[in-house]
Amino acid sequence: MKLATAALFLGLTMVVTRDEDEGDMCLYEALSDTDAVLCKGLEVFYPELGNIGCMFVPDCNNYRQKITHWAEPIVKFPGALEGATYILVMVDPDAPSRSSPKAQFWRHWLVTDIKGTDIKKGKLQGQELSPYQPPSPPAQTGFHRYQFFVYLQEGKNISLHSKENKTRASWKMDKFLNRFHLSEPEASTQFMTQNYQDSPNYQTPGTGSSEPRDKPK
């Protein structure tokens, strides 16, 4: 059985869960006020984690490794208009690192023609221009932000140029938005995580064990 308690420490909201059978502690830490500015009306649900919007992926239960293999999350926009159509964008602005984002933006997911009635309930039955790609921050590059934006499509026919389809790295997101006259997002959020091997709790595999190397994503 898991017990959850909330605490306020140095201005950061933290939720601690404890598995009584194993005695493990799991810390859910909110993003800083600066990063939380992006969190506006959008919810992102992953298996086991729940809504991870505006949070750090906890450094416990192998969550930072699991999220690199999980399928696409449930994205819910409760404030969606039922008669509207939306675009969902997921990017990593910190590729290959936040201190040197030479490959900004890495396009992780792009879905168009999403009905308001669907995304309001957490269903994304639109046109997937870029299939979902899980977060896979390279080792020793620190924490990466994974950002989600929802834009009002307003009947526009959205597409990617052939050049944009060749790679997900260094995507000129601003040019894409300007090309289709997409203004401010209707909703947005983000979460942060780092490579699981950078965890202070990570133990290097023993001799004869091999770990796949993560690509910059």
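Whatever comes next refers back to the structure up there.
Please read these numbers as outputs of a predicted model, since none were measured by experiment.

1. Some points on the nonpolar core
Item 1. Formed by 31 residues in total, the largest nonpolar core has its most connected members in Tyr46, Leu49 and Phe148.
Item 2. Of all elements in the fold, only strand 3 (24-29), strand 4 (43-46), strand 7 (85-92), strand 8 (106-115), strand 10 (144-152) and strand 11 (187-193) reach the threshold of two or more residues within this core.
Item 3. Ranked by size, the runner-up nonpolar core spans 16 residues in total, among them Ile87, Phe105, Ile158 and Trp171.

2. Quick look at the packing of aromatic side chains
Item 1. For the structure on display, the rule yields 10 aromatic pairs.
Item 2. An angle of 85 degrees between the planes, with centres 5.7 Å apart, marks the rings of Tyr46 and Phe191 as edge-to-face. Residue Tyr46 is found in strand 4, and its partner Phe191 is found in strand 11; the two are separated by 145 residues along the sequence.
Item 3. Judged by centre distance (6.1 Å) and plane angle (35 degrees), the rings of Phe148 and Phe191 are tilted. With Phe148 in strand 10 and Phe191 in strand 11, this pair connects stretches of sequence that are 43 residues apart.

3. Some words on the state of the cysteines
Item 1. Per the counting criterion, the structure on display carries two disulfides.
Item 2. Through a disulfide, Cys26 is tied to Cys60; the S-S separation comes to 1.8 Å. Taken as a pair, Cys26 in strand 3 and Cys60 in the loop between strand 5 (50-51) and helix 2 (63-66) lie far apart in primary sequence, 34 residues in all. Each member of the pair Cys26 and Cys60 is classed as buried.
Item 3. Between the sulfur atoms of Cys39 and its disulfide mate Cys54 the distance is 2.3 Å. Between Cys39 and Cys54 the disulfide shows an S-S torsion of about 100 degrees. By sign, it is right-handed. Highlighted residues: Cys39 in the loop between helix 1 (33-36) and strand 4 and Cys54 in the loop between strand 5 and helix 2, separated in sequence by 15 residues.
Item 4. Numbered in order of appearance, the disulfide-bonded cysteines of the protein chain are paired 1-4, 2-3.

4. Description of the pairing of strand 7
Item 1. Counting buried residues along strand 7, seven of its eight residues qualify, which places the element largely inside the surrounding structure.
Item 2. Here strand 7 pairs with strand 8 via seven bridges, running antiparallel. When the sheet's bridge partners are listed, Val91 is paired in strand 8 with Arg107.
Item 3. Here strand 7 pairs with strand 10 via six bridges, running antiparallel. Within strand 10, the position partnered with Val89 by the bridge is Phe149.

5. Here we look at the side chain of Gln147
Item 1. Mapped onto the elements, Gln147 comes out in strand 10.
Item 2. A polar contact is formed between the side chain of Gln147 and the side chain of Gln190, at a distance of 3.1 Å.
Item 3. Setting aside anything within four residues of it in sequence, one finds Gln147 in contact with Leu38, Val89, Met90, Val91, Pro93, Phe105, Thr189 and Gln190.

6. Re the pattern of salt bridges
Item 1. Tallied over the entire structure, the rule returns five salt bridges.
Item 2. The closest approach of N and O atoms between Arg145 and Asp94, which form a salt bridge, is 2.6 Å. Pair noted here: Arg145 is in strand 10 and Asp94 is in the loop between strand 7 and strand 8, with a separation of 51 residues, a long-range link. Each of the two residues, Arg145 as well as Asp94, counts as buried.

7. Overview of the sheet that holds strand 4
Strand pairing in a sheet relies on backbone hydrogen bonds. The paired strands run either parallel or antiparallel.
Item 1. Reading across the sheet, the three strands line up as 5-4-6 and stay open at both edges, with antiparallel pairing between neighbours. Strand pairing shows two members of the sheet lacking a second neighbour, strand 5 and strand 6 (74-76), which therefore form its edges.

8. Topic: the sheet that holds strand 7
Item 1. On the basis of which strands lie adjacent, the open sheet formed by five strands has the order 9-8-7-10-11 and antiparallel pairing. Of all strands in the sheet, those bounded by a partner on one side alone are strand 9 (127-130) and strand 11. Across the sheet, the mean angle separating the axes of adjacent strands is 15 degrees when strand polarity is ignored.

About the criteria used
Residues numbered from 1 in each chain as written. Predicted model: local features only at pLDDT ≥ 70, side-chain atom pairs only at ≥ 80, totals over all residues. Heavy atoms only, no water. Core = buried A, V, L, I, M, F, W, Y, C linked by side-chain atoms within 4.5 Å. Buried < 20%, exposed > 50% of the residue type's maximum accessible area, 1.4 Å probe, protein only. Helix = DSSP H or I, 4+ residues; strand = E, 2+ residues; numbered from the N terminus. Phe/Tyr/Trp six-rings, centres within 6.5 Å; stacked < 30°, edge-to-face > 60°. Disulfide = S-S within 2.5 Å. Pairing = 2+ DSSP bridges. Polar contact = N/O pair within 3.5 Å; in protein donor to acceptor, adjacent residues only side chain to side chain. Contact = heavy atoms within 4.5 Å. Salt bridge = Lys/Arg side-chain N within 4 Å of Asp/Glu carboxyl O. Axes fitted to C-alpha atoms, helices over the stretch in contact; angles between N-to-C directions.

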